[in-house]
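Secondary and tertiary structure notes
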Amino acid sequence: MTAAVVRACAARRAAVLARMQPGAVAILPTTAEALRNGDAEYPYRHDSYFYYLSGFCEPDAVLVLVAARGAQAAQSILFCRAKNSEREIWDGFRHGPDGARAHFGFDAAFPIEELDTEMARLLADAPALWYALGHSAALDVQIKTWLAAVRSQARSGVRAPAEAHDLFVLLDEMRLIKDDSEQATMLRASQISARAHTRAMKAARPGMFEYELEAELLHEFRRSGAQSPAYTSIVAAGANACVLHYVANNAQSRDGDLILIDAGCELDGYAADISRTFPVNGRFSAPQRALYELVLAAQNAALAAARPGLPYSGMHDAAVAVLAGGMLDLGLLDKAVVGSVDDVIAERLHQQFYMHGTGHWLGMDVHDVGAYRDSHLDGKPSRALLAGMALTVEPGIYVRPAAGVPEQFWHIGIRIEDDVIIDAGGHRILTIDAPKTVAEIEAAMAPA
Ligand code: GLY
Ligand code: MN
Ligand code: MN
């Protein structure tokens, strides 16, 4: 854990505490460990919200924040696993409460076994409780138990919190704007992921299996220090690229196929999310190239709309306008039958070939948190982009065989996805290192 992350987490806790009522208490547990099968566990991944405020990656931990009241200063309290020399021989190092307090800057820390006793004490006379309303049945049960313990002291004049607030609503908005520490980590995650895509492109040969290319990605992720993929990698050869969430990755490529790879690593809790599409033999065919140039033009149009003050939805609208025009020009849609670009968009006919959105927030979660619309305004308009927002820009085109669709385009699936952070001047592309134009891809794949 770097000093910068410790400082960033402390600043975020202070921001949350400043939003709470005097004496209010916030409760935020991390994720539980999960069995995969038999005695084997899934690799442990902390809860994103918990990590955002704590920087702490061990399981069995709960963060409690108590807002300042009168002479009583605000407190950040961690409950975590106690040191245990026997368990540490089997499972590895634990910070323990004292170590956690010293390294992560909490005001106090207790063994997790003391949570029930301490919560009954901390919630006594607290005016309000902040937690993730309705997200965890297990937490709801714990809170019920703690409140019952507080209410049992009512005859002594002790009051239980009378208000509950959704902690996630507050944290979602904070997480939407990435601070310097987050932006630095996301850039590193993107650079590693761009190298992984480049490596897979360079390794590709007709006849290779999808999983062989997946292995190239994993190799680059891990050798660069990324902990894991941020989501299940998609490596789709030929027609498999038209399956949007294809994850089998077990088919053999054939000469002439395009390969669509959608993969990004998770580095220190932050995701990258890149898609590239390239010919397995290193040269685009004419129909592949025509569709590829169309998707790239759509992405460039979307990127031109990635600026502070413009609506989030503008990027999608810009991409759809270009794609719809291209579908008409290339004969995917028949002008004589469907009419103009405006008609295509109004009738949503482009959705035959482009059926997903043009991006999403990106951060600790690959589909990161944060509202897309101003829900309090009439008509719930798309919200304006702000400096510090991180998002993907990922138009695509997916051509399944159908009557009237030129056969030369059948089974071609293309997606081009980059990660950007909005800044004062427009945006910064974090994933710029992954070859993207036809010329860049063909050059990267050319024999040395
Ligand atoms: N890889 C998930 C997505 O592109 O949204
Ligand atoms: Mn994405
Ligand atoms: Mn993706």
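Everything numeric here is computed off the predicted structure, so don't read it as measured data. (Residues numbered from 1 in each chain as written. Chains lettered and ligands numbered in written order. Predicted model: local features only at pLDDT ≥ 70, side-chain atom pairs only at ≥ 80, totals over all residues. Heavy atoms only, no water.)

To continue, consider the coordination of the manganese ion (ligand 2). All of the protein donors around the manganese ion (ligand 2) are Asp273 (OD), His360 (NE2), Glu394 (OE) and Glu417 (OE); their distances to the metal are 2.0 to 2.2 Å. One can describe the donor arrangement at the manganese ion (ligand 2) as irregular, given that its six donor atoms subtend angles of 50 to 156 degrees at the metal. Counting along the primary sequence, the residues that act as donors to the manganese ion (ligand 2) give the motif D-x86-H-x33-E-x22-E. Here the manganese ion (ligand 2) and the manganese ion (ligand 3) are spaced 3.2 Å apart, linked through Asp273, which binds each one. With Asp273 in the loop between β13 (270-271) and β14 (274-279) and His360 in the loop between α13 (341-346) and β15 (390-393), this pair connects stretches of sequence that are 87 residues apart. (Donors = N, O, S within 2.8 Å, 3.2 Å for Na, K, Ca; no water. Tetrahedral: all angles 85-135°; square planar, octahedral: opposite > 155°, others 65-115°. Helix = DSSP H or I, 4+ residues; strand = E, 2+ residues; numbered from the N terminus.)

If you trace the three strands from one edge of the open sheet to the other, you get β15-β18-β19, paired in antiparallel fashion. Either end of the sheet is taken by a strand with one partner, and the two such strands are β15 and β19 (426-429). Averaged over all pairs of adjacent strands, the angle between their axes in this sheet comes to 40 degrees, without regard to strand direction. Pairing geometry for strand β18 (residues 418-423) and β19, over four bridges, is antiparallel. Bridging across to β19, Ile421 finds its partner in Arg428. Contacting β15, β18 and β19, helix α10 (residues 286-304) crosses the sheet at an angle of about 155 degrees to β15. (Pairing = 2+ DSSP bridges. Axes fitted to C-alpha atoms, helices over the stretch in contact; angles between N-to-C directions. Contact = heavy atoms within 4.5 Å.)

So, about the site of ligand 1. Residues in close proximity to ligand 1 include Tyr231, Asp262, Asp273, His360, His367, Glu394 and Glu417, which together make up its full environment. A distance of 3.2 Å separates a nitrogen atom of ligand 1 from a polar side-chain atom of Asp262. Contact distances for ligand 1 include 3.2 Å between an oxygen atom and a side-chain N or O atom of Glu417. Protein chains shield 83% of the accessible area of ligand 1, which is 200 Å² for the free molecule. Of the residues contributing to the shell around ligand 1, the split by class is one nonpolar, two polar and four charged. (Near = heavy atom within 4 Å. Polar contact = N/O pair within 3.5 Å; in protein donor to acceptor, adjacent residues only side chain to side chain. Areas by Shrake-Rupley, 256 points an atom, 1.4 Å probe, with all protein chains shown as cover. Nonpolar A, V, L, I, M, F, W, Y, C, P; charged D, E, K, R; others polar.)

Another point: the pattern of salt bridges. For the structure shown, the criterion picks out 23 salt bridges. Put simply, Asp268 and Arg188 hold a salt bridge, and the shortest N to O gap is 3.8 Å. Here the residue Asp268 occupies a position in the loop between β12 (265-267) and β13, and Arg188 occupies one in helix α8 (residues 180-203), the gap between them amounting to 80 residues. Judged by its relative accessible area of 31%, Asp268 falls in the partly exposed class. Owing to a relative accessible area of 42%, Arg188 belongs among the partly exposed residues under this scheme. The partner of Asp262 in a salt bridge is Arg415, with the nearest N and O atoms 3.0 Å apart. Here Asp262 is found in strand β11 (residues 258-263), whereas its partner Arg415 is found in strand β17 (residues 413-415), with 153 residues between them in sequence. Like Asp262, the residue Arg415 is buried in the burial classification. Beyond isolated ion pairs, a larger network of salt bridges with shared partners links Arg195, Arg199, Glu216, Glu220 and Arg223. (Salt bridge = Lys/Arg side-chain N within 4 Å of Asp/Glu carboxyl O. Buried < 20%, exposed > 50% of the residue type's maximum accessible area, 1.4 Å probe, protein only.)

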